[in-house]
Every structure is written in C-alpha cells, then in structure tokens.
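Structural overview for review
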Amino acid sequence: MSHRGNLLLKQKPFKPFGIRTVDLSEGVPDFVSVEGYERAFLVLKACGHVVDTLVVESPDGRVEASALIEALDAEGRRRLQKVLVRDRLLSKVIDERPALPSYSVIVCTRDRTQDLDNCLQSILNSTQGACEILVIDNDPPNDDTKDLAEHYSVKYFREMKRGLNWARTCGAKAATGDILIYTDDDVVVDAEWINNILRPFKAPRVAAVTGLTLPVELESHAQSFFEFYGGHGRGFERKFFDYTVIPACAAGLVGSGANMAIRRELVLKHKLFEQELDAGTRTLSGGDTYAYYQLLDAGHQIVYEPDALVWHRHRRDDASLVHMLYGYSVGGFALLMRCLFEHKDPEALMVGLQWFKQHHIKQLWRSLRHKPDAMPLSMILKEWLGAILSPWIYMHNRCLAAMRDKR
Amino acid sequence: MSLLCSVVIPTHNRSDCLQKMLKALSRQTLAKGQFEVIVVMDGCTDNSEELLKQTQTDFHLEYVLQQQAGQARARNVGVQLAHADVIVFLDDDVIPEPECLEHHLRNHSAGNSIAVLGQAHIALPLHPSLYQKVVWAWWEDRYHEMQQPGRIVSYRDFCVGNASLLKNDFISVGGFDESFAGYGGEDFDLGYRLLKKGVVFHFEDKAVAWHYHETSPYQVLKNMYQEGMHDVILATKYPEIRRGLRLMQHTQAIDFLMQKPLLAKGLIIGLKPFLFIYEALGFRRLWRNLFGKLRHCSYWQGVYQQLGSFKAYQQFCEAAPPIPVIQLDLTHGFSTEAISIHGDGPNRIDVWFQGKQITSVTLNGPMDVPVNTAVLELLLEQNLQLLYQLLVSRQENV
C-alpha cells in the first residue's frame with residue numbers, strides 16, 4: 001500500500017499520474033521528464049530488475065534527482081544496492097542459459113479487440129523464434145476477435161461456456177507446450193517476460209510461477225486507487241510459496257491470474273480450472289486462487305518471480321472498481337467456504353477470520369476515525385456486503401450444482 | 001554379446017516388490033545378453049525364493065540366500081558373484097524405467113573411475129498425505145540441488161538405491177562396511193572412501209527409477225534413530241568430517257534431553273500418536289512442527305545410544321578438528337570456480353578485496369546450494385553496505 005500515493009489521491013481534483021521507467025544501473029539521472037503530468041509514478045529498474053515503484057510530485061513536468069532519492073525508502077535502497085552489488089560481483093560469470101521447457105501462451109479474451117491487439121503485439125515481441133500462442137474467445141458476441149486473430153500467427157479457439165475458468169480449461173486442452181503461460185487481454189507484456197516466467201521451472205517441485213503486474217496507465221481515480229491500495233503486485237523480491245510457508249487457503253497471496261504459468265500436466269491432472277469460478281460467473285473471482293490452493297494443498301511449490309513483468313490496464317471507472325472490490329470479497333470468502341466444506345481444511349476458518357479482521361474491520365475502523373489515507377466508506381461497505389453475501393452465494397451455487405447432478 | 005554390467009539387488013521379505021522389479025528388468029532397452037541380475041536374499045522367510053525359482057527371465061538371473069546380516073553384507077556378497085566390470089546397485093523397492101540401465105552404462109563406456117548416481121523418484125498421488133508431501137519434497141529438492149552447477153560433491157550424495165560403479169573401484173576401497181546394520185549409513189561410508197580414492201560422482205538425471213515402497217512417519221523416526229547411531233560411527237572412523245555432522249549442532253534443549261534419556265524416550269512415545277491426530281484434523285503446521293521435533297529427538301536418541309552417556313558426547317564434541325579457513329578474493333568478481341571449500345562441515349571464509357580483508361563469514365555444511373551462491377547470499381545479507389561502498393558507490397551518486 002503506497003502511503004504517499006494515498007495522500008495524493010485525497011487531494012481534489014484528481015490529477016493523473018505519468019508512468020515512467022527509470023534505469024538506475026548507471027546512477028540516478030539528473031531529472032526524469034513526465035511532461036504533461038503534475039504527478040509521476042516511477043518504476044525503478046536496475047540491471048534488468050524492477051527494484052521499486054515511487055509516487056512523486058512533478059510540478060513542472062519533471063522529477064529532479066534529489067526528489068527521487070528522497071522518495072526512495074530504506075527497503076527500496078537495499079534492493080537497489082543488492083542488485084548493483086550482485087551485478088558487479090557476478091559480471092565475470094558467464095550466464096549459462098539452460099534450455100527452457102516447451103511452452104504455450106494462452107490469452108483469454110472477450111470482446112476487447114483493441115486491448116487484445118496490443119497484447120498480442122507485445123507477446124510476439126517477447127518471444128524468440130516460433131512459439132505457440134492461443135487466443136481463447138469466450139462466448140463471443142461477434143466475429144471481431146476472430147478477424148483480429150487471423151492477422152497474427154496465433155491459434156484461435158472459441159469457448160461457448162461463459163466464464164474465465166472455462167476459457168482457461170479450453171486453452172489447457174488445446175495447448176501442446178509443457179508449460180502454460182496464462183495472461184489476460186488487458187495486459188501488455190515486458191520484452192523478457194517469457195524467459196523470466198519460465199526460468200523457475202528448472203526446479204522440479206515448482207508447479208506454477210506468478211509475476212509482477214504494474215499499471216500501464218493511471219489516468220483515472222479508479223485506476224490509481226486500485227494500484228495504491230494493493231494492486232496486483234506482490235513486491236519486488238522473489239518468493240517461494242508452499243504449504244509450509246503459508247496456509248494453503250491463503251493462496252491469494254501468491255499472485256494474480258493475469259500473469260501466471262503452470263505445468264500443463266498438473267492443470268489436467270488436478271482439473272485446476274474445471275470449476276464454475278472467476279469472472280463471468282456468480283462468484284466473480286477466485287478461479288486462479290483456487291487453482292493455487294489445489295497446487296499448494298497437493299504439496300507443490302509456487303514461485304513469485306518479479307522479473308516476469310506485465311503491464312495491466314486497471315478498470316477506468318469508479319463503478320467497475322467498486323464492483324471488482326465486491327467481487328474480490330465474494331470470491332475470496334466463497335473460496336474459503338469451499339476449502340472448509342469440500343476440502344475439510346480447518347485452516348480456512350483461521351485465514352478467513354484473519355482476513356476479515358485485518359482488512360474489513362481495520363479499514364472500516366480507519367475510515368470511521370477519518371484517518372488521512374483511509375478508504376472511502378462507500379467502498380468499504382461494498383466489501384462488507386460481498387463478505388456477508390459470499391456464504392449465501394456459495395451455498396446457492398452448491399445447491400444448483402447438486403440439482404444439476406441429480407438430473 | 002558381451003556382458004557389460006551386473007545388477008545387484010539385496011532383498012528382505014518383499015516378494016511383491018521383487019516381482020515388479022523382475023518385470024521392470026525384462027523391459028530394459030539394454031540388450032538382454034549385456035546384463036545379469038544377482039538377487040541376494042537377506043534372511044528371506046517369505047515366498048521370495050519360490051518366486052525366483054519359478055520366474056522365467058530372458059536375462060541371466062542368479063540368486064543366493066544368506067542368513068540375515070544386513071544390506072551391507074548382502075551387497076558385498078552380490079558383488080562377489082558378479083561377472084561384469086560395472087556394478088549397478090538397485091534397491092528391491094526401486095523400480096527402474098526401461099532406459100535406466102542404458103543410461104548408467106553410457107557413462108561408463110569410457111571406463112573412467114566414476115560412480116553414476118541415478119534418481120529414485122517418489123510418485124506423488126493426487127491427494128497425498130502430509131507425510132508423503134514431506135518425503136516427496138525432500139527427494140525432489142535433493143535431486144535438483146545435486147544438479148546445480150558449481151555444487152561441491154559430498155559423500156552424502158552417494159545413495160545406493162540407484163547407482164553404479166566399477167567393480168574394481170568397489171573392491172579396492174574394501175566394499176561396504178558390514179558393521180553398519182539396519183537402515184542406511186553404509187552407503188555414505190562407502191561414498192566417503194570412494195571420494196577419497198578420487199572416484200568422480202556423476203549425477204545422471206536420465207537414469208530414472210521409481211521408489212514404490214510405502215513407508216510411514218514411524219518408520220522415519222526409526223530411521224532417524226539409526227542415522228544418529230551411524231553418524232557416530234562415521235565420525236569415529238573419519239574425524240575430519242565430524243564438524244559437518246548434525247550431531248555437532250547441539251542446543252541447550254538437546255543437552256538437557258541427552259542428560260535425561262528416559263524422559264526423551266517417554267516424550268517420543270507419548271507424542272507420536274499426535275501425528276495421526278493432527279493429520280486427521282488437518283492441522284498441518286502443528287503436524288509439521290511435531291514431526292520435525294520427533295525426528296530430531298529420535299536422531300539424538302540414536303547418538304546417545306551409540307555413545308552411552310552425555311559425558312562421552314561432550315568429549316566427542318571437544319575432540320572435533322578445528323574449522324578450516326578459506327581465502328576468497330573478490331577484486332575480480334565472483335566466478336564459478338573461485339572457491340573450493342571442504343565439502344562437509346563449516347568453513348570460515350575470509351573475504352579479501354584489493355589486498356585488504358573486508359570481512360569473514362562462516363558457511364555451514366554440507367551445502368544444499370552451490371557454494372558460490374551460498375557465499376554470495378551470505379555476503380549480501382550480512383555485508384551489503386560494505387560491499388556496496390567498495391564496489392559501486394565510488395563511481396555513482398545513488
């Protein structure tokens with residue numbers, strides 16, 4: 001959570017943030033130009049790694065070196081120093097690039113051709129040589145996506161069952177690579193994305209890899225709000241998750257489904273995405289988290305690899321932001337109910353209570369006490385609504401499924 | 001067709017495994033005339049002998065029954081009967097893939113003094129128990145680490161469940177030490193003597209076998225107990241490896257339990273059933289903590305059993321040789337061959353930069369990652385500021 005960003009958000013009227021990438025490998029530049037913006041969201045890179053992101057004011061459309069250094073906190077400084085020292089010390093070592101496993105990139109989309117166009121372009125730029133790219137068109141209202149896909153050397157599939165998870169399953173069955181790399185249509189991927197997301201799979205125990213997701217634009221209040229209140233990022237250091245590190249049902253900590261890679265054999269063996277979950281269904285979210293849960297529960301390891309970078313376009317309008325936060329609450333608690341009742345996992349109870357206490361109650365408390373960087377009350381209430389309705393939605397779903405089975 | 005290798009399999013009352021094993025061997029891609037199989041029945045009282053008598057194989061099969069005397073003895077007997085130059089050791093519950101023998105032999109074709117270590121994977125079921133997850137993760141991580149470039153080879157890499165070596169090497173180091181009874185220990189001991197003799201350990205990830213035998217948490221506790229005993233034997237035979245053994249890393253709690261052996265025994269027996277209770281209730285964390293502690297306790301019980309008293313243990317620790325010191329110069333950066341440390345046990349590493357000693361760190365062995373990586377991570381963790389000032393900040397203004 002970016003404290004500085006939250007404070008800036010409170011100032012009315014809202015002013016957009018200019019996003020710039022700053023390379024610090026050769027030292028801090030004298031200034032960073034963010035022309036046309038009074039605020040900057042700086043992505044700091046060094047030696048090919050993202051080390052931190054900063055929110056700074058840029059009154060004349062530029063950020064001076066001194067302002068940048070001042071905004072960098074101790075943690076960010078430490079990461080930067082680590083990257084630089086490692087680079088100096090290891091420069092003599094020839095980086096043996098081991099053979100990467102075979103892979104397929106799967107893009108699930110629904111009626112967003114402009115975004116999909118950008119996304120496919122960036123994926124093609126990030127691959128060397130031939131690579132299998134699958135576009136899964138989920139319950140399409142027209143042929144636009146199909147027409148677009150024909151312009152690229154990609155395989156086009158249509159999944160008529162509506163729901164992101166069905167599209168993911170369709171992709172898994174059609175793909176031929178050993179590793180499935182999933183992404184959504186509203187992202188643009190980094191040039192080294194594919195190499196970096198594949199590298200951790202050298203270790204046999206790694207079942208899935210998730211990456212860092214940064215905003216591609218912060219033009220509206222909703223987008224900035226989402227980013228500063230957590231966003232999709234999970235920090236700038238590599239993390240290894242398995243059931244010994246976190247309770248399996250806290251799988252949401254692992255990363256987001258817009259930037260993940262999973263071994264295909266495991267997707268098929270555990271039927272990871274063959275549930276009615278996630279976008280386009282009643283639970284609204286949680287398909288990726290449930291997949292992570294099943295992997296962690298089965299003893300596998302999931303790696304968060306910040307070098308695998310994609311740029312995501314967050315929802316622009318406040319209404320869909322609020323709906324999404326509501327969806328996260330519904331999906332999150334529905335997942336915990338599922339862990340508790342279907343997998344008989346008592347840890348779900350603990351994780352659920354903890355989440356409710358540390359997020360829902362805490363945010364409400366902060367808002368009522370008028371803390372300067374508190375969430376708006378309307379959003380908090382919507383999250384509470386999601387949390388309260390979630391068990392009923394889950395039960396309703398289960399009854400429907402039971403009735404379907406009976407028939 | 002000439003005989004290329006002899007497969008030696010010791011077995012003890014596991015005729016079902018043995019049957020699977022014989023089937024797997026008849027499916028080998030290696031030509032049937034090129035290998036022979038020698039099964040040594042170590043005090044078998046089940047139908048293993050009848051099974052071997054009845055089985056028709058298209059490879060040469062020999063078997064011998066001995067009075068129960070442990071795996072070490074059984075393998076030594078097997079090697080005595082072998083006719084080929086290369087010996088492949090397989091455990092009776094380690095079922096080889098069809099190409100397994102071929103990949104072992106491919107590495108021996110030059111006739112060099114090497115030991116080829118294959119993999120013995122555990123198949124993870126769809127819904128594994130906590131114990132199965134732990135064991136699976138342990139083996140997978142271990143094989144992955146063994147393949148890391150720049151890793152220092154340890155005698156503890158020599159696991160004899162799926163391994164091959166030259167018969168001459170085996171005989172010249174004196175074979176297995178038959179004083180190791182029960183589970184394990186004898187392979188580490190042989191591995192140590194092989195390394196001393198200059199035999200190179202080659203890790204072959206294509207020589208794959210599958211470990212089928214079901215063990216249980218209780219069995220692991222028993223094995224840990226024996227590992228404790230065996231570590232004492234190893235440390236007595238080879239004092240130079242003493243510092244690297246777990247039995248040197250004692251804490252106050254361990255010292256206390258060593259002085260109250262009956263209490264320790266009672267704790268183990270009393271707490272063991274909780275493993276099942278916790279698993280049934282789904283309390284993973286509690287289960288993992290308890291399992292770790294019980295394994296630890298069992299190991300120390302074994303150490304105590306072998307040494308006889310706490311006093312003997314204290315003397316044993318005091319007699320350990322000093323920690324070796326290694327010099328590392330970072331002036332020209334870090335290269336993969338920069339450091340060679342004494343593989344097993346802690347090493348003190350004095351770090352130099354442009355003719356000045358900047359720091360010293362202690363690495364605890366045996367290594368589970370390449371030494372370079374371990375040293376670098378330690379330095380980054382403990383001396384980041386210092387290194388940064390030396391290496392980077394002079395040129396830059398961050």
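You'll find the structure just up there.
Structure report, in brief. (Residues numbered from 1 in each chain as written. Chains lettered and ligands numbered in written order. Predicted model: local features only at pLDDT ≥ 70, side-chain atom pairs only at ≥ 80, totals over all residues. Heavy atoms only, no water.)

Residue and element names in this part refer to chain B. By the definition in use, this model includes 37 salt bridges over all chains. One salt bridge connects Arg-156 with Glu-227, and the closest N-O pair in it is separated by 3.6 Å. With Arg-156 in the loop between α5 (130–146) and β7 (162–166) and Glu-227 in helix α8 (residues 217–237), this pair connects stretches of sequence that are 71 residues apart. Take Arg-156: its relative accessible area is 15%, and that puts it in the buried class. For Lys-196, the salt bridge goes to Glu-240, with nearest N and O atoms at 3.6 Å. Of this pair, Lys-196 sits in helix α7 (residues 186–197) while Glu-240 sits in the loop between α8 and α9 (252–259), and the two are 44 residues apart along the sequence. Take Lys-196: its relative accessible area is 58%, and that puts it in the exposed class. When its relative accessible area of 40% is taken as the criterion, Glu-240 is described as partly exposed. (Salt bridge = Lys/Arg side-chain N within 4 Å of Asp/Glu carboxyl O. Helix = DSSP H or I, 4+ residues; strand = E, 2+ residues; numbered from the N terminus. Buried < 20%, exposed > 50% of the residue type's maximum accessible area, 1.4 Å probe, protein only.)

Okay, the environment of B:Lys260 next. Residue and element names in this part refer to chain B. Take Lys-260: it is sitting in the loop between α9 and α10 (261–281). Lys-260 gets classed as partly exposed once you look at its relative accessible area, which sits at 39%. Linking Lys-260 and Phe-310, residues 50 residues apart in sequence, is a C-alpha distance of 9.1 Å.

Residues and elements named next belong to chain A. Ordered by their spatial adjacency, three strands build an open sheet running β1-β3-β4, and the pairing between neighbours is mixed. The open sheet is flanked by β1 (17–23) and β4 (49–57), the only strands paired with a single partner. Mean inter-strand twist for the sheet, computed between neighbouring axes without regard to direction, equals 20°. Here eight bridges tie strand β3 (residues 39–46) to β4, and the two strands are oriented antiparallel to one another. (Pairing = 2+ DSSP bridges. Axes fitted to C-alpha atoms, helices over the stretch in contact; angles between N-to-C directions.)

All right, on to the side chain of A:Ser256 then. Take A:Ser256: it is sitting in the loop between β12 (239–241) and β13 (259–263). Ignoring any residue separated from it by four or fewer positions in sequence, one finds A:Ser256 in contact with A:Thr213, A:His232, A:Asp288 and A:Tyr292. (Contact = heavy atoms within 4.5 Å.)

Time to look at the interface of chain A and chain B. Between chain A and chain B, the contact holds 38 residues from the first and 38 residues from the second. Approximately 3,400 Å² of surface area, both sides summed, lies buried where chain A meets chain B, with 62% of it carried by carbon and sulfur atoms. If you sort the residues of chain A by the area they bury against chain B, A:Leu89, A:Arg205 and A:Tyr243 come out on top, with a joint share of 21%. Between chain A and chain B we count five salt bridges in total. Close ionic contact of A:Asp345 with B:Arg284 constitutes a salt bridge, the shortest N to O distance being 2.4 Å. At the junction of chain A and chain B, the tally comes to nine residue pairs in polar contact (both at pLDDT 80 or more). Taken together, the elements giving at least two residues each to the side of chain A that touches chain B come down to α3 (74–90) and α10 (287–297) of chain A. If you tally residues by element for the side of chain A that touches chain B, the top one is α3(A), at 10 residues. Of the residues belonging to the side of chain A that touches chain B, the class tally is 18 nonpolar, seven polar and 13 charged. (Buried area = accessible area lost by both parts, 1.4 Å probe. Polar contact = N/O pair within 3.5 Å; in protein donor to acceptor, adjacent residues only side chain to side chain. Nonpolar A, V, L, I, M, F, W, Y, C, P; charged D, E, K, R; others polar.)

The next thing to look at is unusual backbone geometry. Residue and element names in this part refer to chain A. A positive phi angle, close to 50°, is found at Cys-47, a residue other than glycine. Relative to the assigned elements, Cys-47 resides in the loop between β3 and β4. The phi dihedral of His-370 falls on the positive side, at around 55°, and the residue is not glycine. Position of His-370 relative to the elements: it lies in the loop between α12 (347–368) and α13 (377–406). His-370 sits in the exposed class, given a relative accessible area of 70%.

This brings us to the side chain of A:His232. Topologically, A:His232 is positioned in the loop between α8 (221–228) and β12. Apart from residues no more than four positions distant in its own chain, A:His232 is found in contact with A:Thr213, A:Phe226, A:Ser256, A:His312, A:His314 and A:Tyr328.

Before going further, it helps to examine the pairing of strand β9 (residues 179–184) of chain A. All names here are of chain A. For β9, a buried count of six out of six residues is recorded, marking the element as mostly surrounded by other parts of the structure. Of the two faces of β9, the one lined by Ile-179, Ile-181 and Thr-183 and the one lined by Leu-180, Tyr-182 and Asp-184 are each fully buried. Here six bridges tie strand β6 (residues 103–109) to β9, and the two strands are oriented parallel to one another. Note on β9: the bridge partner recorded for Ile-106 is Tyr-182.

Moving on to a nonpolar patch on the surface. Residue and element names in this part refer to chain B. Together, Phe-256, Leu-263, Leu-267, Leu-271, Phe-274, Ile-277, Leu-281, Phe-283 and Leu-286 line one region of the surface with nonpolar side chains, adding up to about 740 Å² of accessible area. Of the residues forming the nonpolar patch, the biggest block, six residues, is contributed by α10. Inspection of the secondary structure assignment puts Phe-274 in helix α10. Overall, the relative accessible area of 34% leaves Phe-274 in the partly exposed class. (Patch = residues over 30% accessible without salt bridge, like charges linked within 9 Å, V, L, I, M, F, W, Y side chains within 5 Å. Areas by Shrake-Rupley, 256 points an atom, 1.4 Å probe, with all protein chains shown as cover.)

Residues and elements named next belong to chain B. Two numbers describe how α8 lies on α10: the axes approach to 11 Å, and their chain directions differ by 145°. In the packing of α8 onto α10, the handedness of the crossing is right-handed. Residues Pro-217, Tyr-218 and Leu-221 of α8 form the contact with α10, whose own contacting residues are Lys-272, Pro-273, Leu-275 and Phe-276. Considered class by class, the residues forming the contact of α8 with α10 number six nonpolar, no polar and one charged. (Left-handed = near helix turned anticlockwise from the far one by under 90°.)

Residue and element names in this part refer to chain B. Spatially, the three strands line up as an open sheet ordered β9-β10-β11, and their pairing is mixed. Two strands bound the open sheet, and with one partner strand each, they are β9 (325–329) and β11 (356–363). Going from strand to strand, the sheet's axes swing by 25° on average, the running direction of each strand aside. For β9 and strand β10 (residues 347–353), the ladder comprises five bridges, and the chain directions are parallel. Counterpart to Asp-329 in the pairing with β10 is Trp-352.

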